[in-house]
Amino acid sequence: SGGPQTETAKDTNSMTNKTVLAQKRILDLLLMLGVESQWLPVAVRCAALHCIGDLIARHPKNLNELANKVLGDEVREEPALNSILRIILRTSSLQEFVAADYVVKNFCERNPDGQKMLVSTLTVPPRSMTHAPLEEDMNMSFGSMLLHGLTVGENDGDLEICVRAASVLSYLLMDNIHCKEKALKIELEPPMHSMGTRDPLMHRITKYLAVASAMNNKDGKSNGKTNAFVQQLILRLLIIWLVDCPSAVQCFLDAPPHLTYLLELLLNQSATICTRGLGAVLLGECVLYNKCIESGKDAFAIVDAISQKTGLSLYFSKFDEMQKSFLFSPERFTEQCKPLGRFISAEDADQNDANGRVNDDHPILASLFDAGFVALVGSLEANIRDKFVEVYSNPKAKVAVVPAELERRSGESDGDYINRLKSFVEKQCSEVQDLLARNASLTEDLAKTGVKPEQRTSGPTERVQVDSLRRELHEASQRLEILKSEKARLESEAAMYQNLAAKVESDLKSLSDAYNSLERANLQLEKEAQALRSGGGPDIEAIKAEVREEAQKESEAELNDLLVCLGQEQSKVERLTARLVELGEDVDKLLEGIGDDTALPEDDGEEED
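Residues numbered from 1 in each chain as written. Predicted model: local features only at pLDDT ≥ 70, side-chain atom pairs only at ≥ 80, totals over all residues. Heavy atoms only, no water.

Visitor: Any chance you could explain the overall build of the chain here in plain terms?
Guide: Scanning the chain from N- to C-terminus turns up 26 helices and four strands. A total of 609 residues make up the chain; the buried ones form 40% of that total. Considering only residue pairs separated by 6 or more positions, the chain has 70% of its internal contacts joining residues 24 or more positions apart. As presented, the chain carries roughly 34,600 Å² of accessible surface, and 54% of it is formed by carbon and sulfur atoms. (Helix = DSSP H or I, 4+ residues; strand = E, 2+ residues; numbered from the N terminus. Buried < 20%, exposed > 50% of the residue type's maximum accessible area, 1.4 Å probe, protein only. Contact = heavy atoms within 4.5 Å. Areas by Shrake-Rupley, 256 points an atom, 1.4 Å probe, with all protein chains shown as cover.)

Written as structure tokens, this is what we have:
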């Protein structure tokens, strides 16, 4: 068997032995003894099943061989894992159930591929087979048979088969987010004679908790330990399911009765110490892995509900009581193993252990609550305590929300709005002062008892309470600062609007003056147009005569200028003529033909005129 506590050399020898034994086809012989030979004594079958579990533990090749192994004849062949699951669900011997359960546990441990393979077969059986007897599951897959086992006994109140199937499901989901997410999508048919709708697999399993509690407390009397392990195994499944899976937490909290039931379970004195402790762990996971933003389901809401319903001191005490119980004692895993084939009797379980611990839980739990699960609960407890302190130390909301009282009402004037804001701020200031007074009173009471204020955080519970007061004071201070800044902003906006109103009024006055000026100009133009239409305007003929006279004067001036120019040119010609004569040139001959050249343009000009 080896085991996690053995030395490395011994563990290496164990793996070598498993390889050699598998090569000698020892697995076939063990399956024949433990699964196929139901006529053998129970002790022999259990020993064979334990050997199969040890043979495949952390051995990939042997795990694969068992997954592919098929049992039976050609007429009724089925996978070996299906046959082992049928033993888990059908056997009347708790000892054989534990042995077969051990095989499935070791098959799923550190075998994510094997887990995915089995989870892939989780298909809801046909409605005709949903409530059929367990003996009619021969043709079902591993997953369908498992879901059938989860629901087969819910109508007659026999939850033992359901919880056996829940134990197997916990191994399929252990440390495998993919399998957890896939299981969340499974929806089961409603119970027989019920008009309900399909509900998620997690909700159906959680409902069995309340059913088991009612069975154990019917008429105020306990039914003994016949169904005493039902609640513990269902709680174990839910704890494993919620680890590192916020979507599982969301699904669990989608049904409000789940949270209410867990809070009541903590106060149920008829429940065992282990049951109340596991319920506290499950509640803590709803805080530790909570990613909900919806009001009433977030981490702060869960912590607040626990504080209001049970009180944090009582809540954390459930962890301490559970860790002191027999099932979670470290000594239990250091004791020598019992001889093969011997099952712990109820009489043995009722006795105190060496340290005086009383075991009030079913003896089967000592075999099912292995060292791995106990270590998981221990680590969860530490993380949950830290998370509670963190939730109480930080404000509930990261983003401040402006209260509805600060919204301006329809038709409210600036003065009324500002006065209402002042009244609201004064009220908030009064509440802050009351909170400060409560804090001072608490400090004074502690001083009277000889406890200094800085000593209040000596324990986790006291530290949480002090952090809660600090959180309230911090939130109130933040709210006051928000209100002050909001008031200043609103006053600034009011002043801006007043200035804007004055500017608009000035602009309107300027526009009015401009409009009046345009009206007066328009009136003047209309009067002038009317005067022109009535003939009372200036003398047109006189204007024309004046224009002609001015044009004539301009023409005469231009003519005089032209005559002066001609005279100057004539003088030049005469001088040139005299000079040419002196030089002996014939002037007339030189000027011959010049008049003809200039006559043509003049004639053209005359024709054009």
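Visitor: Can you walk me through the confidence of the model for the chain in this structure?
Guide: Interpretation of the predicted coordinates at a detailed level should be avoided for regions scoring low in pLDDT. Of all residues in the chain, 76% have pLDDT values of 70 or greater, and the mean over the chain is 80. Note that pLDDT drops below 50 for residues 336–354; the model gives that stretch 20 contacts with residues more than four away or on any other chain. (pLDDT = per-residue confidence, 0-100.)

Visitor: I tried to follow the packing of aromatic side chains on my own but got confused; where do I start?
Guide: Any aromatic ring pair is given by two values, namely how distant the centres are and how the planes are angled relative to each other. This model, assessed by the stated rule, comprises seven aromatic pairs. Judged by centre distance (6.4 Å) and plane angle (35°), the rings of F316 and F319 are tilted. One end of the pair is F316 and the other is F319, both in helix α18 (residues 312–323) and three residues apart, which spans about a single turn. (Phe/Tyr/Trp six-rings, centres within 6.5 Å; stacked < 30°, edge-to-face > 60°.)

Visitor: Sorry if this is basic, but what is going on with unusual backbone geometry here?
Guide: Of all residues except glycine, most have a negative phi; of all peptide bonds, most are trans. Positive phi outside glycine occurs at R25, with the angle close to 60°. Along the polypeptide, R25 turns up in the loop between α1 (8–23) and α2 (26–36). On the basis of relative accessibility, which here comes to 53%, the residue R25 falls in the exposed class. For R110, which is not a glycine, the phi torsion comes out positive at approximately 55°. Position of R110 relative to the elements: it lies in the loop between α6 (94–108) and α7 (112–119).

Visitor: It is not clear to me how the side chain of S170 should be interpreted in this structure. Could you clarify?
Guide: Among the structural elements, S170 can be located in helix α10 (residues 160–173). On the basis of relative accessible area, S170 is assigned to the buried category, the value being 0%. In terms of polar contacts, S170 uses its side chain to reach the backbone carbonyl oxygen of S167, at 2.5 Å. There is a polar contact of 3.4 Å between the side chain of S170 and the side chain of R236. (Polar contact = N/O pair within 3.5 Å; in protein donor to acceptor, adjacent residues only side chain to side chain.)

Visitor: Teacher, can you tell me more about the packing of helix α17 (residues 299–309) against helix α21 (residues 371–393) here?
Guide: To characterise two packed helices, one gives the angle between the axes of the helices and the distance between these axes. Relative orientation of the contacting elements α17 and α21 amounts to 105°, with a least axis distance of 10 Å. Between α17 and α21, the crossing angle belongs to the class labelled roughly perpendicular. Here A299, F300, V303, I306 and S307 of α17 come into contact with α21, specifically with F388, V391 and Y392. Along the lines of polarity and charge, the residues of the contact of α17 with α21 split into seven nonpolar, one polar and no charged. (Axes fitted to C-alpha atoms, helices over the stretch in contact; angles between N-to-C directions. Parallel < 35°, antiparallel > 145°, perpendicular 65-115°, else oblique. Nonpolar A, V, L, I, M, F, W, Y, C, P; charged D, E, K, R; others polar.)

Visitor: Explanation requested: the side chain of D199 in the structure shown.
Guide: Relative to the helices and strands, D199 resides in strand β4 (residues 199–200). The buried category is assigned to D199, whose relative accessible area is 19%. Among the polar contacts made by the side chain of D199, one reaches the side chain of R204 at a distance of 2.8 Å. The contact partners of D199, leaving out residues within four places of it in the chain, are I186, E187, L188 and R204.

Visitor: Teacher, can you tell me more about the pattern of salt bridges here?
Guide: A side chain with one charge may pair with a side chain of the opposite charge, provided their charged atoms come close. One pass over the full model with this rule turns up 20 salt bridges. For K387, the salt bridge identified is with E390, shortest N-O distance 3.9 Å. Of this pair, K387 and E390 both sit in helix α21, three residues apart, which is roughly one turn of the helix. A salt bridge links D513 to K509; the shortest N-O distance between them is 3.6 Å. Of this pair, D513 and K509 both sit in helix α23 (residues 460–533), four residues apart, which is roughly one turn of that helix. Here D513 falls in the partly exposed class, since its relative accessible area comes to 41%. Bridged by salt links that share partners, the residues R25, D28, E65 and K69 form one connected network. (Salt bridge = Lys/Arg side-chain N within 4 Å of Asp/Glu carboxyl O.)

Visitor: Would you mind showing me how to read the nonpolar core here?
Guide: Soluble globular proteins: nonpolar side chains tend toward being buried together. Of all hydrophobic cores here, the largest spans 123 residues; its most connected members are L66, W241, Y315 and F369. The greatest single-element share of this core, amounting to 11 residues, is contributed by helix α13 (residues 228–242). Built from parts of two domains, this core gets at least three residues from each of domain 1 (13–110) and domain 2 (132–148 + 158–217 + 225–338 + 362–397). Among all residues touching L66, those that are not within four sequence positions of it are L27, L31, I52, I56, A80, L81, V103 and F107. (Core = buried A, V, L, I, M, F, W, Y, C linked by side-chain atoms within 4.5 Å. Domains from an automatic or database assignment.)

Visitor: Sorry, what's going on with the state of the cysteines here?
Guide: Between two cysteines, a covalent bond joining their sulfur atoms is known as a disulfide. In total, this model carries zero disulfides according to the counting rule given. Just so you know, C108 is unpaired, no disulfide at all, and the nearest cysteine sulfur is the one on C179, 8.4 Å from it. In this structure C108 comes out as buried when scored by relative accessible area, which is 3%. Of the residues examined, C179 reaches a relative accessible area of 0% and is grouped as buried. (Disulfide = S-S within 2.5 Å.)

Visitor: Hey, could you run me through the environment of A371 in this one?
Guide: By the secondary structure assignment, A371 is in helix α21. Of the residues examined, A371 reaches a relative accessible area of 36% and is grouped as partly exposed. Each C-alpha atom of the pair A371 and L327 lies 9.9 Å from the other, and the pair is 44 residues apart in sequence.

Visitor: What am I meant to see in the environment of R332 here?
Guide: Following the sequence through the fold, R332 ends up in the loop between α18 and α19 (346–349). Judged by relative accessible area, which is 12%, R332 ranks as buried. Spatially, the C-alpha atoms of R332 and A371 are 9.1 Å apart, while their sequence positions differ by 39 residues. Excluding residues within four positions of it along the chain, R332 makes contact with F326, L327, A366, F369 and V374.

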